[in-house]
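Residue strings, one per chain:
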Amino acid sequence: MTIRLGYQIPNFTYPGVPVENLFDTVAAQAREAEAAGFDTVLVMDHFYQLPGINTPDNPMLESYTTLAALAASTSAVQLSTLVTGNTYRNPALTAKTVTTLDVISKGRAILGIGAGWFEREHHDYGFTFGTFGERFERLEEALTIIAPMLRGEEATFDGKWYTARGAMNHPRLRTVPIMLGGAGEQKTFRLAARFADHMNIICDLDDLPRKVAVLRQRCEEIGRDPATLATSFLATGMVGETEQEAKELDATLDDGRRARAFVGTPDRVAEQIQEKILGAGVDGICINLMRNGHRPGVVTMVGEALRPLVTA
């Protein structure tokens with residue numbers, strides 16, 4: 001399993017689209033991405049819209065319900081969250097959920113997972129948030145339960161945060177691959193080296209070369225060949241048919257996201273991605289088009305420009 005060209009859908013606010021047609025717009029993007037050569041479609045695991053994209057009361061679909069529906073609307077793309085918030089679900093339930101998605105999709109699911117970070121969602125929904133360190137303790141314990149369940153083994157574990165007593169996971173087609181998402185050099189990268197098949201790096205572009213080097217180091221520290229841990233980078237695309245259109249899209253972007261965004265025509269964005277992401281030693285790209293990806297033809301336009309970068 002790897003992700004060479006992923007399309008992330010983080011925004012469900014589509015002007016002029018009524019709620020009853022909202023998922024149709026999501027599914028149309030997924031089908032367009034599949035036809036354009038994207039190998040993976042990803043959604044966020046959140047309950048509120050995120051700061052910098054829109055206000056919290058804007059539409060946000062529950063991730064695994066959405067992915068299951070996308071499994072019926074597509075036939076080839078891999079399906080994943082970027083990434084599942086570990087704090088939102090019991091780990092055995094997470095393993096069961098993603099395995100069911102894999103069965104429904106005939107072997108196309110990926111478990112993207114991370115420690116969780118959006119405190120307001122935890123507060124409002126009644127989930128325990130805890131400290132930064134506690135959330136990573138919980139993630140490590142969760143992966144200790146999830147990984148064997150994805151392999152079809154019974155999971156038994158008695159930890160500080162989670163317990164499993166011979167938890168079984170049937171039916172299943174295969175071992176669902178695990179992807180971690182984040183940028184933490186001390187905690188996330190060490191867990192990725194131990195448990196993951198894929199690491200999606202989420203950081204500012206200027207930090208990327210160092211992140212790649214540290215991730216390789218974490219693999220080497222436990223005797224793992226770094227080449228066995230595939231990588232991708234989450235990018236935001238402000239892509240227009242003209243430079244002027246791209247600049248207008250960029251003007252709507254939150255400053256905090258600009259350090260990992262690419263602005264310009266499709267060809268210009270492809271040049272930047274080749275230089276700054278693939279040139280830094282990352283294997284693949286996950287891109288979102290949060291402002292205009294729902295417009296028919298935009299995903300195709302971007303896919304046609306990016307696909308040659310990862311299929312050579």
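Coordinates for the structure precede this section.
Below is a summary of the structure that appears in this document. Here the structure is a predicted model, which means the values were calculated and not measured.

Cut-offs applied
- Residues numbered from 1 in each chain as written.
- Predicted model: local features only at pLDDT ≥ 70, side-chain atom pairs only at ≥ 80, totals over all residues.
- Heavy atoms only, no water.
- Phe/Tyr/Trp six-rings, centres within 6.5 Å; stacked < 30°, edge-to-face > 60°.
- Helix = DSSP H or I, 4+ residues; strand = E, 2+ residues; numbered from the N terminus.
- Buried < 20%, exposed > 50% of the residue type's maximum accessible area, 1.4 Å probe, protein only.
- Arc of directions from axis to C-beta.
- Contact = heavy atoms within 4.5 Å.
- Expected span 1.5 Å × (residues − 1).
- Disulfide = S-S within 2.5 Å.

**Topic: the packing of aromatic side chains**
And step 1. Under the counting rule described, the total for this entry stands at nine aromatic pairs.
And step 2. Between the aromatic rings of tyrosine 88 and phenylalanine 127, the centroid separation amounts to 5.4 Å while the plane-to-plane angle is 55°, which identifies the pairing as tilted. Note that tyrosine 88 is positioned in the loop between strand E4 (84–85) and helix H3 (91–104) and phenylalanine 127 in the loop between helix H4 (119–125) and helix H5 (132–150), a separation of 39 residues in sequence.
And step 3. Tyrosine 88 gets classed as buried once you look at its relative accessible area, which sits at 8%.
And step 4. In this structure phenylalanine 127 comes out as partly exposed when scored by relative accessible area, which is 26%.
And step 5. What links up through ring pairs into an aromatic cluster is the set Phe47, Tyr48, Tyr88, Tyr125 and Phe127.

**Overview of helix H10 (residues 266–276)**
And step 1. Taken together, the buried positions of H10 are Pro266, Val269, Ala270, Gln272 and Ile273. Taken end-on, H10 shows its buried residues confined to a sector of 165°, consistent with a single buried face. Of the exposed residues in H10, the ones pointing more than 90 degrees away from its buried face are Asp267 and Glu275.
And step 2. Contacts made by the buried residues of H10 are with strand E10 (230–239), strand E11 (261–264), strand E12 (284–288) and helix H11 (298–310).

**Focus: helix H1 (residues 22–35)**
And step 1. Between its first and last C-alpha atoms H1 spans 20 Å; for 14 residues at 1.5 Å apiece the expected length is 20 Å, and the two agree.
And step 2. Among the residues making up H1, those that are buried are Leu22, Thr25, Val26, Ala27, Gln29, Ala30, Glu32 and Ala33.
And step 3. Lining the buried residues of H1 we find strand E1 (5–9), strand E2 (40–43), helix H2 (63–73) and H11.
And step 4. Of the residues trailing H1, glycine 37 is marked for its positive phi of about 100°.

**Some points on the state of the cysteines**
And step 1. Tallying each qualifying case throughout the model produces zero disulfides.
And step 2. In this structure cysteine 219 is a free cysteine whose sulfur lies 16 Å from that of cysteine 203, the closest cysteine sulfur available.
And step 3. Taking relative accessible area as the criterion, cysteine 219 reaches 1% and is therefore assigned buried.
And step 4. Looking at the unpaired cysteine 286, the closest cysteine sulfur is the one in cysteine 203, lying at 13 Å.

Without other data, these values stay purely geometric and don't point to any function.
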